[in-house]
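# Structural overview for review
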Amino acid sequence: MSDDFEEVGPIDYVVVEFPGNRMTGEGFPLLVDLVDRGIIRILDLTFVRKDDDGSVTGMEIADLTGDGELDLAVFEGASSGLLGQDDIEEAATALEPGCSAGILVYENVWAAPFAAALRRGGARLVASGRVPVQALVAALDETEAAH
C-alpha cells in the first residue's frame, strides 16, 4: 500500500432517495458540519433523477430545494474518480421512477488513525456492513417485550 494512503479512513457510500424529487435541504447544513469538523471527507457527490420512463439523468449541484439559494455549492466538483457511470446506473436501479437521489462517497476521517494502527499491525478487514435502523428498533422492541 502506498504511504500516501497509510492514514486513510474507511470509505463508505450512501444513496439517498428523494420521493417525488422533493429535497427540503434540511440535511445539507448537517453534511457541511460533518466535513467542517473533520468527521468525514466528501470524495464524490452527485445527484440523479429517474424519470417516469426509467431514464436517468444527472442533476447539477445548484438550487436543489428551489428556495433560491445554492445548495452544497461548496461540494461542486467533488470527484475522486471512485464513482463512475456504471456505479450511478447501478444506484439508479434502486430508485423509484419520478424520484431523485444523492449519491455520496465519503471517507470516515474519524476512523483513520484507528484503521492506520490496525494496518501497521498487519490486521486486515475481512467483513464490513451496516445494521439498518429498522433492525435495531425491532431488536430493541423484541428485547423490551421479553422483559
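Only a predicted model underlies this, so the values are computations on that prediction, with no experimental measurement involved. (Residues numbered from 1 in each chain as written. Predicted model: local features only at pLDDT ≥ 70, side-chain atom pairs only at ≥ 80, totals over all residues. Heavy atoms only, no water.)

### Here's the deal with the environment of V109
This is how it is decided: Each helix corresponds to a stretch of at least 4 residues labelled H or I by DSSP, and each strand to a stretch of at least 2 residues labelled E; elements are numbered beginning at the N terminus. Exposed residues in this analysis have more than 50% of their type's maximum accessible area, buried residues have under 20%, and partly exposed residues fall in between, with area computed by a 1.4 Å probe over protein chains only.
Inspection of the secondary structure puts V109 in the loop between β4 (99-108) and α3 (112-120). Assessed through its relative accessible area of 27%, V109 is described here as partly exposed. For the pair V109 and R41, spaced 68 residues apart in the sequence, the C-alpha separation amounts to 6.4 Å.

### Comments concerning α3
Three- or four-residue spacings in an α-helix give side chains the same orientation, since the helix completes a turn every 3.6 residues. Heads up, the condition is: To obtain the arc, one takes the directions from the helix axis to the C-beta atoms. Every residue pair with non-hydrogen atoms within 4.5 Å of one another is taken to be in contact.
Turning to α3, its buried residues number three or more, namely A112, A115 and A116. In an axial view of α3, the angular spread of the buried residues amounts to 100°, which keeps them on one side of the axis. Exposed and facing more than 90 degrees away from the buried side of α3 are P113 and F114. Elements that come into contact with the buried residues of α3 comprise β4. Directly beyond the C-terminal end of α3, a positive phi value near 90° is found at G122.

### Some details on the sheet that holds strand β3 (residues 56-59)
To be explicit about the condition: Here, a strand pair is defined by DSSP locating no fewer than two bridges between the strands. Interaxial angles span 0 to 180 degrees and are taken between N-to-C directions of axes, which are lines fitted to C-alpha atoms, for helices over the stretch in contact.
One open sheet holds the 4 strands; their spatial order is β1-β4-β2-β3, and the pairing between them is antiparallel. Each end of this open sheet is capped by a strand with a single partner; those strands are β1 (11-18) and β3. Mean inter-strand twist for the sheet, computed between neighbouring axes without regard to direction, equals 25°. Note that strand β2 (residues 40-50) and β3 share 4 bridges and pair antiparallel.

### Comments concerning the pattern of salt bridges
Keep this limit in mind: The working definition used for a salt bridge is a side-chain nitrogen of Lys or Arg within 4 Å of a carboxyl oxygen of Asp or Glu.
Counted under the stated rule, the structure contains 5 salt bridges. For R130, the salt bridge identified is with D12, shortest N-O distance 3.3 Å. Of this pair, R130 sits in the loop between α3 and α4 (133-146) while D12 sits in strand β1; the two residues are 118 residues apart in sequence, bridging distant segments of the chain. Judged by relative accessible area, R130 falls into the exposed class, the value being 57%. Look at D12 and you get partly exposed, because its relative accessible area is 22%. Salt-bridge contacts for R41 lead to E107; the nearest nitrogen and oxygen are separated by 2.7 Å. Remark: E107 occurs in strand β4 and R41 occurs in strand β2; sequence separation between them is 66 residues. On the basis of relative accessibility, which here comes to 5%, the residue E107 falls in the buried class.

Nothing here speaks to function; it is all geometry.
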